[in-house]
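Remarks on the overall topology
Here's the letter readout for the chains.
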Protein chains: 2
Amino acid sequence: MKIELAENYGFCFGVKRAIKIAEENRDSSTYGPLIHNSKEIARLDKDFKVGLIEDFREFKSGDKAIVRTHGIPKKELEALHENGVDVVDATCPYVTKPQQICQEMSEAGYDVLIFGDESHPEIKGVKSYATHGAQVVTSLDEVKDLKFNDRIALVAQTTRKVEEYMSIANYLIPRHKEVRVFNTICNATFENQEAVDDISKKADVMIIIGGKNSSNTKQLFSISHDNCSDSYHIEDENEIEASWFNNKEYCGITAGASTPDWIIQNVINSIKRSVNI
Amino acid sequence: MKIELAENYGFCFGVKRAIKIAEENRDSSTYGPLIHNSKEIARLDKDFKVGLIEDFREFKSGDKAIVRTHGIPKKELEALHENGVDVVDATCPYVTKPQQICQEMSEAGYDVLIFGDESHPEIKGVKSYATHGAQVVTSLDEVKDLKFNDRIALVAQTTRKVEEYMSIANYLIPRHKEVRVFNTICNATFENQEAVDDISKKADVMIIIGGKNSSNTKQLFSISHDNCSDSYHIEDENEIEASWFNNKEYCGITAGASTPDWIIQNVINSIKRSVNI
């Protein structure tokens, strides 16, 4: 069986940057998981003494708090500063951007619509910057139930599918005077999505590696599954089942933006053992 | 043979308004054709002494100049005022809007892209308001040859097809940081287009009435022709050929936004005579 990696996969710019920041700040704690990958978080804790605090109120004056790649709500960031916490911001710059857009557009009188998952930390943060509030949708169907002013500002969670985002833009533009569409889907996401679309059309089994709560990994799985019904979303090599590869000729592999290379390598080694390569 | 008018057709708000303005200003001249319908222009000349001047430099101080529905270039408007001409503005408010947008967006540093016909008076006027210039395209293919900054403002000629406008928006949005899409296609155009799309799917012969240089009439013909190959674009009843209706059961009729009801009625009467109804 041939085993091949997608042309683009794994760590994005923002995740690499956040891990570097964490490694440079030993004996600190991240507020919430730095990235959506528990194995990598465990490695940072073991090798760099970077802990994890889930409630921002637990940070005391003088503590060092690393802000996660997904960002945090504006009021919590302000509270950390007010409490004298030493804040190290590892928010991905591609997430800082939609936060700024939400604030500017809301203050300029636009109806802000966010395409994303309201329960995801990134969107909780982004939405909090819309001074006069924002509406959040996960699909075009939800948009159809909402009401808007004549002027709409549209932003997307960085990890969303561009086709779905465009379907929302296509619905809104002919129906409103002005739609300001901000392309906040990040390139890394876009490139990983294009690459998984390519390889999953050729492969007869697909392995998608990433945190089960990772939004961008779920998108990769969804694209893969549309092209290749034998697609599996795993967090690491322990979930692999040898039967998945019975009578298969071409195994494609990709990984979410928060999946470190060492986990990907472990998965490849495990697949090879499964099929006795 | 059944003869039926489209659910929406003919005169739009801006044209009705311009004709009213002309009728209220006897013994004046329009600068360029008030609307794209030579018969209606001849009627205004005959009944209301509203003439036609093709070069703005011919207007003298104290003359009354009616600005056509399509608007005129900014510098020509300024020259008329400077020369002491009494300017009566019959520019359609739906055309004034994209003029304002071009000026604001250009001054705010956006790359202005206009979807429309550069040689059409409306677009000559609209483009002239983009302080730092604007690019004009008639198709998505032309967009692909152009270069843009990260921030684009997109406006459309009022009479364009919304599907083609959206194809341009769909191309630009994923490739640029911000695309500000202004829905400047006017409702009347949209409603006439939807109505001709409906009726031309049912009819076996379609008559589209309007000036041969009328952009919106050409769009109606194009939509009609896609659904019904026996579609004919005529200016008035004199162009009708009886053979068009041989063995036909359902004749659909529509008219451009600058076609007066009296011409439409003449056409219907002529068709009825052709088929001996």
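Here the structure is a predicted model, which is why all the values come from computation and not from measurement. (Residues numbered from 1 in each chain as written. Chains lettered and ligands numbered in written order. Predicted model: local features only at pLDDT ≥ 70, side-chain atom pairs only at ≥ 80, totals over all residues. Heavy atoms only, no water.)

**Side note on unusual backbone geometry**
Within the chain, A:Asp27 stands out as a residue other than glycine whose phi angle is a positive 55°. Phi is positive for B:Lys49, close to 55°, though the residue is something other than glycine.

**Description of the domain arrangement of chain A**
Residues and elements named next belong to chain A. For clarity, the cut-off: For the purposes of this description, domain bounds are those given by an automatic or database domain assignment. Residue contacts are counted whenever heavy atoms from the two residues lie within 4.5 Å of one another. Summed over both partners, the accessible surface that disappears when two parts come together, traced with a 1.4 Å probe, is what is meant by buried area. Any carboxyl oxygen of Asp or Glu within 4 Å of a side-chain nitrogen of Lys or Arg constitutes a salt bridge here. Counted as a polar contact is a pair of N or O atoms within 3.5 Å, where, for protein atoms, one must be capable of donating a hydrogen and the other of accepting one, and residues adjacent in sequence contribute only when both atoms are in side chains.
Taken domain by domain, chain A holds domain 1 (2–9 + 188–274), domain 2 (13–91) and domain 3 (94–185). Relative placement of domain 2 and domain 3: their C-alpha centres are 27 Å apart. Listed as interface residues are 11 residues of domain 2 and, on the opposing side, 12 residues of domain 3. Carbon and sulfur atoms make up 61% of the area that domain 2 and domain 3 hide from each other, which totals about 840 Å². The tally of links from domain 2 across to domain 3 stands at 0 salt bridges. Here domain 2 is connected to domain 3 by 2 residue pairs in polar contact (both at pLDDT 80 or more).

**Considerations on the packing of aromatic side chains**
As a reminder of what qualifies: A pair of Phe, Tyr and Trp rings is counted when the ring centres sit within 6.5 Å of each other, with Trp represented by its six-membered ring. The angle between the planes then sorts it: under 30 degrees is stacked, over 60 is edge-to-face, the rest tilted. Helix and strand assignments come from DSSP, with helices taken as H or I runs of at least 4 residues and strands as E runs of at least 2, each series counted from the N terminus. Buried residues are those whose accessible area, probed at 1.4 Å on protein chains only, stays under 20% of the maximum for their type, while exposed residues exceed 50% and partly exposed ones sit between those limits. A ring is considered to have a charge above it if a Lys NZ or an Arg CZ atom is located within 6 Å of its centre and within 35 degrees of its normal.
Applying the stated criterion to the full structure yields 12 aromatic pairs over all chains. With a centroid separation of 3.9 Å and an interplanar angle of 5°, the aromatic rings of A:Tyr232 and A:Trp244 are classed as stacked. Of this pair, A:Tyr232 sits in strand β11 (residues 231–234) while A:Trp244 sits in the loop between β11 and β12 (250–255), and the two are 12 residues apart along the sequence. By relative accessible area, which is 12% here, A:Trp244 ends up buried. Aromatic ring contacts, followed pair by pair, group A:Tyr31, A:Phe56 and A:Phe59 into a single cluster. Between A:Arg175 and the ring centre of A:Tyr171, over which it is positioned, the NZ or CZ distance is 4.1 Å. Between B:Arg151 and the ring centre of B:Tyr110, over which it is positioned, the NZ or CZ distance is 4.2 Å.

**Thoughts on the UniProt feature "binding site: isopentenyl diphosphate" (unreviewed entry) in chain A**
Residues and elements named next belong to chain A. In plain terms, the rule: UniProt positions are given in the numbering used here, feature names are shortened, and annotations may be inferred rather than shown by experiment. Buried and open spaces are told apart on a 1 Å grid over the protein atoms alone, a cavity being a set of points where a 1.4 Å probe fits but cannot get out and a pocket being an open set with protein on both sides within 12 Å along at least five of seven lines. Residues with an atom within 4 Å of a point are the lining residues.
Annotation from UniProt places "binding site: isopentenyl diphosphate" (unreviewed entry) at His36, His70, His120, Ser214, Ser215, Asn216 and Ser258. Checking the annotated residues one by one, the ones that line the largest cavity turn out to be His36, His70, His120, Ser214, Ser215, Asn216 and Ser258. Overall, His36 belongs to the buried group, its relative accessible area being 9%. Sequence-distant contacts of His36, that is, excluding residues within four places in its chain, are made with Arg68, His70, His120, Pro121, Gly211, Asn213, Ser214 and Ser258. For His36, the side chain forms a polar contact with the side chain of His70, separated by 3.5 Å. Its location among the elements puts Ser214 in the loop between β10 (205–209) and α9 (215–227).

**Some remarks on the relation of the copies chain A and chain B**
We apply this condition: Each copy is superposed on the other by least squares, with the fit set by C-alpha atoms of residues at a pLDDT of at least 70 in both.
Here chain A sits on chain B after a turn of 180° about the axis and a move of 0.0 Å along it, with an RMSD of 0.0 Å. With respect to symmetry, the two chain copies, as superposed, fit the operation of a two-fold axis. For chain A, the residue whose C-alpha comes nearest the rotation axis is A:Arg180, separated from it by 2.1 Å. Of the residues that chain A buries at the interface, 100% are likewise interface residues in chain B, meaning the two copies contact each other through the same surface.

**What about helix α4 (residues 93–107) of chain A?**
All names here are of chain A. Heads up, the condition is: In this analysis, the expected span of each helix is defined as 1.5 Å times one less than the number of residues it contains. What the arc describes is the spread of directions from the helix axis to the C-beta atoms.
Taking 1.5 Å of rise per residue, 15 residues should cover 21 Å, and α4 covers 21 Å from first to last C-alpha, within 8% of that figure. Those residues of α4 that fall on the buried side of the exposure criterion are Val95, Pro98, Gln99, Ile101, Cys102, Met105 and Ser106. The buried side chains of α4 occupy one side of the element, clustering within an arc of 160° when seen end-on. Buried residues along α4 sit against β6 (111–115), α5 (121–128), β8 (151–156) and β9 (178–182).

**A few points about the UniProt feature "binding site: [4Fe-4S] cluster" (unreviewed entry) in chain A**
Residue and element names in this part refer to chain A. UniProt tags Cys12, Cys92 and Cys186 as "binding site: [4Fe-4S] cluster" (unreviewed entry). The annotated residues occupy 175 residues of the chain but converge on a single region, no pair of C-alpha atoms lying more than 10.3 Å apart. Lining residues of the largest cavity, restricted to the annotated ones just named, are Cys12, Cys92 and Cys186. By the element assignment, Cys12 lies in the loop between β1 (2–5) and α1 (13–23). With residues up to four places along the chain from it excluded, the contact list for Cys12 reads Ala188 and Ala257. Given a relative accessible area of 10%, Cys186 falls into the buried group.

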